[in-house]
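Chain and residue survey
One letter stands for each residue in the lines below.
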Amino acid sequence: MRIHNDAQKIRDELEQERAGRVSVALFGQPGAGKSSLINAIVGKKVAQVGVETDKTVKQEEYEHNGLNLVDLPGYGTQKFPKETYRDEFALARFDLFLCVTSGKFHQADTELFRALDEMKKVCIFVVNKHDELWEDGVETAELERRKREDIFKQVGKQVTVIFTSCRKSSGLDQLNTEILRNLDAAKRERWLRGAKAHSVKFLKQKREAAEKYVVVAAGASAANGLNPIPGADIAVDLSVLMKLFMELRECFGLSDKVLNSLKESAIPTVSSVANNVVRYAAKEGILLLFKQFLGRQTLKTISKYVPLIGQAIAASAGFGITYAVGNSYLDDCYTLAEKILQDELER
């Protein structure tokens, strides 16, 4: 009975993890760089960016790896009047808001912020295009101080202001940190797995979140027990692991294009790991991983996993080896992501 209860619990937990979303809305004037910021947050081009003036006349929504990023149209226009804006765009559904500006702060942004403030919604102010913040003879720190003071004056209170440059990838780690600070635990884990790492610290946090997810997925795979493992008296659900491996690659930004490039690396260890990540993604590759771990003492203690997956699942041989296999794949993905980030930070 206990194994049945634990199995259902872990299946439900995995479904909740996969269905979880963090919804963030961006608003601001045309040309502020909202699309560039969205792309920088997720680490790939999902929003169209152009040099022409932004003409957002409808809600633009982007889904990526558990993140739901929405570019809102102008507030208080003839098409989207203030009186109906809140309900038309269901503002209550968002976890937080980013007010993106790069030039003069506008009254419409102030009014929308005040409406959000009345709703007790978190709003982070992002001064984008920081690399263009310049005035002859004036230090950058002074220009930043002026910009903050102008925003404080416009909105009538002190608020969080982050300075970013998508071109130079600056300020994006501070933005991630501030977003994490304003999310609950479950949403924080989802943001860590979905957002691009712009610092070693965030990458390590991403790994910790991924490790917890591996525990849940490994428990579900062991609980389902659909596929007998050759040479062992255990059965696991390989489809759960195949999806987990795909999610781990997405988590660490390892697209097919990136992996193919890394496979050609002049550094033998990088090339070898990249080939492993590709090879072990298929069913046959996963079975090879199982073969490598069979007979090893794959788990020394189960106590720290019990709260997540239940004692009966945590104590099973199937979970021990499945967790070891999943964690091995995570290690390889992290190794490649760490190399990519190091190269980016050295540019």
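Higher on the page you've got the structure.
Below, the structure is looked at part by part.

Moving on, we get to the overall build of the protein chain. Scanning the protein chain from N- to C-terminus turns up 15 helices and eight strands. Its C-alpha atoms put the protein chain at 70 × 50 × 30 Å along the principal axes. For the protein chain, the proportion of its 347 residues judged to be buried stands at 47%. Look at the contacts in the protein chain between residues 6 or more apart in sequence, and 67% of them connect residues 24 or more apart. Of the roughly 17,500 Å² that the protein chain leaves accessible, carbon and sulfur atoms contribute 48%. Taking the 50 positively charged and 47 negatively charged side chains of the protein chain as two groups, their mean positions are separated by 2 Å.

Counting 83 residues, the largest nonpolar core has Leu98, Trp191 and Phe252 as its most contacted members. Non-local contacts of Leu98, meaning those with residues more than four positions away in its chain, are made with Val24, Ala25, Leu26, Phe27, Leu37, Ile41, Ile124, Val126 and Leu175. One finds Phe97, Cys99, Met119 and Val127 within the second-largest nonpolar core, a separate group that totals 26 residues.

Moving on to the sheet that holds strand 4 (residues 96-101). Pairing within the open sheet is mixed, and its six strands lie in the order 2-3-1-4-5-6. Edge positions in the sheet fall to strand 2 (60-64) and strand 6 (161-163), since each has one partner strand and no second. For this sheet, the mean inter-axis angle between neighbouring strands, taken without regard to orientation, is 25 degrees. Where strand 1 (residues 22-27) meets strand 4, four bridges bridge the pair, whose relative direction is parallel. Of the residues in strand 4, the one forming a bridge with Leu26 is Leu98. Packed on one face of the sheet, helix 4 (residues 107-118) meets strand 1, strand 4 and strand 5 (123-127) and runs near 150 degrees to strand 1.

Burial analysis of strand 1 places six of its six residues in the buried class, which makes it a mostly covered element. Side-chain alternation along strand 1 places Val22, Val24 and Leu26 on one buried face and Ser23, Ala25 and Phe27 on a second face that is also buried. The pairing of strand 1 with strand 3 (residues 67-71) spans five bridges and is classified as parallel. Each residue of the ladder has a partner; that of Ala25, found in strand 3, is Val70.

On to the side chain of Asn327, then. Structurally, the position occupied by Asn327 is in helix 15 (residues 317-346). We classify Asn327 as buried; its relative accessible area is 16%. Contacts of Asn327, omitting those with residues within four sequence positions, involve Glu211 and Val214.

The next point concerns the pattern of salt bridges. Tallied over the entire structure, the rule returns 18 salt bridges. Measuring nitrogen to oxygen at the nearest pair gives 3.1 Å for the salt bridge that ties Arg167 to Asp131. Here Arg167 is found in the loop between strand 6 and helix 6 (172-181), whereas its partner Asp131 is found in the loop between strand 5 and helix 5 (140-155), with 36 residues between them in sequence. Using a relative accessible area of 65% as the deciding quantity, one classes Arg167 as exposed. A salt bridge links Arg146 to Glu135; the nearest nitrogen and oxygen atoms lie 3.1 Å apart. Of this pair, Arg146 sits in helix 5 while Glu135 sits in the loop between strand 5 and helix 5, placing them 11 residues apart in sequence. Classification of Arg146 as partly exposed rests on a relative accessible area of 37%.

Attention shifts here to unusual backbone geometry. Residues other than glycine seldom take positive phi values, yet Ala90 does so here, at roughly 45 degrees. Its relative accessible area of 33% is what places Ala90 among the partly exposed residues.

Take the packing of helix 9 (residues 238-251) against helix 12 (residues 283-293) next. In contact at an axis separation of 10 Å, helix 9 and helix 12 are set at 100 degrees when each is read in the N-to-C sense. The pairing of helix 9 with helix 12 is recorded here as roughly perpendicular in orientation. Two secondary-structure elements touch here, helix 9 through Leu238, Leu241, Met242 and Phe245 and helix 12 through Lys283, Ile286, Leu287, Leu289 and Phe290.

Reading guide: rules and limits
Residues numbered from 1 in each chain as written. Predicted model: local features only at pLDDT ≥ 70, side-chain atom pairs only at ≥ 80, totals over all residues. Heavy atoms only, no water. Helix = DSSP H or I, 4+ residues; strand = E, 2+ residues; numbered from the N terminus. Buried < 20%, exposed > 50% of the residue type's maximum accessible area, 1.4 Å probe, protein only. Contact = heavy atoms within 4.5 Å. Areas by Shrake-Rupley, 256 points an atom, 1.4 Å probe, with all protein chains shown as cover. Lys, Arg positive; Asp, Glu negative; His and termini not counted. Charge placed at Lys NZ, Arg CZ, Asp CG, Glu CD. Core = buried A, V, L, I, M, F, W, Y, C linked by side-chain atoms within 4.5 Å. Pairing = 2+ DSSP bridges. Axes fitted to C-alpha atoms, helices over the stretch in contact; angles between N-to-C directions. Salt bridge = Lys/Arg side-chain N within 4 Å of Asp/Glu carboxyl O. Parallel < 35°, antiparallel > 145°, perpendicular 65-115°, else oblique.

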